[in-house]
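Analysis of the macromolecular model
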Amino acid sequence: MKEMEYLKELTGRYPVLEAVKENILAAYKILRDCYEGGNKALIAGNGGSCADSEHIVGELMKGFVKRRPVPEAFARALKEVNGERGEALAASLQRGLPAIALTGHSALTTAFLNDVNGEMSVAQQLYGYGVRGDVFLGISTSGNARNIMYGVTVAKAAGIKTIGLTGKDGGAIGKACDVAIVVPERETYKIQELHLPVYHTLCLMLEEHFYEV
């Protein structure tokens, strides 16, 4: 099973992550089941973890190491709508695993900050976008980011599965999430250095499961 080969490669390259191997696998299964059910991932973090949120969406929503061409039926439909443009689209579009970073909607988040409570802007988006069967991936190096914890609370109330990607002792987020990947480092930059290969591996495993090409 190729998905497991990616996980094996990860722990071979980063032996320190052997300690969280089972948690990574559990997180993968939650995301796999989400996508098999036609749902989406909602992702958020602050600072460097905000950038990681956007990075993850970039790997999920288009080809990562595979091409992911559109199905033949959709390619034909595009060409029927508009021959020239449809041909170009059919050759260029790539299938995606739906994911939204709750970090880039500046008009919404600043309006909520100004009018209500900025610490709850992630929670507001989860309440607005999320449906039962979705997954919320909250990233916090300390595990105690208040806006992410508010998001976890809304997600659990809405029937949205929760994955925490943290460090140190996992913090409040690590304790509250359905699955927590608590990388074994304590300094922020070292935690972030381990977060990247973890989420790259999750994206590779998902792509391997869902796409053949």
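Presented here is an overview of the structure given in this document. (Residues numbered from 1 in each chain as written. Predicted model: local features only at pLDDT ≥ 70, side-chain atom pairs only at ≥ 80, totals over all residues. Heavy atoms only, no water.)

This brings us to the overall build of the protein. For the protein, the helix and strand inventory stands at 10 helices and 5 strands. Its C-alpha radius of gyration of 18 Å places the protein within 12% of the 17 Å reference for a compact globule of 213 residues. Its C-alpha atoms give the protein principal-axis dimensions of about 55 × 50 × 30 Å. When each of the 213 residues of the protein is scored for burial, the buried share is 45%. (Helix = DSSP H or I, 4+ residues; strand = E, 2+ residues; numbered from the N terminus. Rg over C-alpha atoms; globule rule 2.2 N^0.38 Å. Buried < 20%, exposed > 50% of the residue type's maximum accessible area, 1.4 Å probe, protein only.)

So, about the pairing of strand β4 (residues 161-166). Burial analysis of β4 places 5 of its 6 residues in the buried class, the great majority of the element. The sheet contact formed by strand β3 (residues 135-139) and β4 spans 5 bridges and is parallel. Residue pairing across strands places F136 opposite T162, the latter belonging to β4. Of the strand pairs in this sheet, β4 and strand β5 (residues 179-182) are connected by 4 bridges, and their pairing is parallel. Across the sheet, the residue bridging to T166 is V182, located in β5. Crossover connection from β4 via helix α9 (residues 171-176) to parallel β5: handedness right-handed. (Pairing = 2+ DSSP bridges. Right-handed = clockwise from strand over helix to strand, strands pointing away.)

This part takes up the side chain of S53. Within the fold, S53 resides in helix α3 (residues 48-60). Looking at S53, its side chain comes within polar contact range of the main-chain nitrogen of G45, at 3.2 Å. The contact partners of S53, leaving out residues within four places of it in the chain, are I43, A44, G45, A101, T103 and I139. (Polar contact = N/O pair within 3.5 Å; in protein donor to acceptor, adjacent residues only side chain to side chain. Contact = heavy atoms within 4.5 Å.)

Before going further, it helps to spend a moment on the environment of M149. Structurally, the position occupied by M149 is in helix α8 (residues 146-157). We classify M149 as partly exposed; its relative accessible area is 24%. For the pair M149 and R67, spaced 82 residues apart in sequence, the C-alpha separation works out to 36 Å. Apart from residues lying up to four places away in sequence, M149 is in contact with A172, I173 and A176.

Moving on, we get to the sheet that holds β3. Strand order in the open sheet made by the 5 strands is β2-β1-β3-β4-β5, with parallel pairing throughout. Unpaired on one side and paired on the other, β2 (99-101) and β5 mark the two borders of the sheet. Within this sheet the neighbouring strands show an average axis-to-axis angle of 15 degrees, counted without direction. Most of the contacts of helix α2 (residues 21-36) go to β5, to which it runs at about 135 degrees, and overall it touches β1 (41-44), β2, β3, β4 and β5. α8 contacts β1, β3 and β4 of the sheet and is inclined by roughly 165 degrees relative to β3. (Axes fitted to C-alpha atoms, helices over the stretch in contact; angles between N-to-C directions.)

Glancing now at the environment of A90. Tracing the backbone shows A90 in helix α5 (residues 83-92). Among the residues examined, A90 registers a relative accessible area of 16% and is labelled buried. The spacing of A90 and F74 is 16 residues in sequence and 7.8 Å in space, taken between C-alpha atoms. Filtering out sequence-adjacent residues up to four positions away, A90 remains in contact with V70, A75, L78 and K79.

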